[in-house]
Amino acid sequence: MGKLVRIGKIILAVIIALIIIYVGLHTIAVRQKVSLAVIFCGVAWCFGTHDRPWRERAIFGKIRYMSADGLRRKFDAVRYVKNEKRDQVLG
């Protein structure tokens, strides 16, 4: 079992290296000046390195909770409903 874990870690390291190379080549292709640290952080974020669980709640567990006030700040539900009604009438 230990040998399989080592092989898995090697494969993961190769995959991460290939992603870093790909992202680096892409940033060169679109002429963006991005530091290697930013590329590393972006790739690490994709694999959950910077994702910290929220405190556990009785109902939700560790699922990211959004209150009604937070939803109102980030999403205009009234406008969405108006657009949906308009689309239903037109379509």
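Data block above holds the structure.
An account of the accompanying structure is given in this report. Since the structure is predicted, the reported quantities are computational estimates derived from the model, not experimental observations. In every chain, residue numbers begin from 1 and rise along the written sequence. Since the coordinates come from a predicted model, pLDDT governs what is reported: local features require at least 70, and pairs of side-chain atoms require 80 or more to be given and counted, while whole-chain, interface and lining totals use all residues. Heavy atoms from the whole structure form the basis of all side-chain values; hydrogens and water molecules are not counted.

### A closer look at the overall build of the protein
- What counts as a helix is a DSSP run of H or I of at least four residues, what counts as a strand is a run of E of at least two, and both are numbered from the N terminus. Along its length, the protein carries four helices and zero strands.
- Traced from its N-terminal end to its C-terminal end, the protein shows the element sequence α-α-α-α.
- Total accessible area computed for the protein in this model is approximately 8,500 Å², and 65% of it derives from carbon and sulfur atoms. Areas reported as accessible are Shrake-Rupley estimates using a 1.4 Å probe. Residue values count occlusion only from the protein chains shown.

### Focus on helix H2 (residues 36-46)
- Think of it in three bands: residues with accessible area under 20% of the maximum for their type are buried, residues over 50% are exposed, and the middle band is partly exposed, with areas taken using a 1.4 Å probe on protein chains only. Three or more residues of H2 are buried, namely Ile39, Val43 and Ala44. End-on, the buried residues of H2 take up no more than an arc of 130°, which puts them together on one face.
- Downstream of H2 by one or two residues, Gly48 has phi in the positive range, about 85°. The directions considered for the arc run from the helix axis to the C-beta atoms.

### A few points about the pattern of salt bridges
- What makes a salt bridge here is a side-chain nitrogen of Lys or Arg within 4 Å of a carboxyl oxygen of Asp or Glu, nothing more. Taken as a whole and assessed by the stated rule, the structure comprises one salt bridge.
- A salt bridge links Asp69 to Arg72; the nearest nitrogen and oxygen atoms lie 2.7 Å apart. Placement of the pair is Asp69 and Arg72 together in helix H3 (residues 68-74), with a separation of three residues, close to one helical turn.
- What makes Arg72 exposed here is its relative accessible area of 58%.

Keep in mind these values describe shape, not function.
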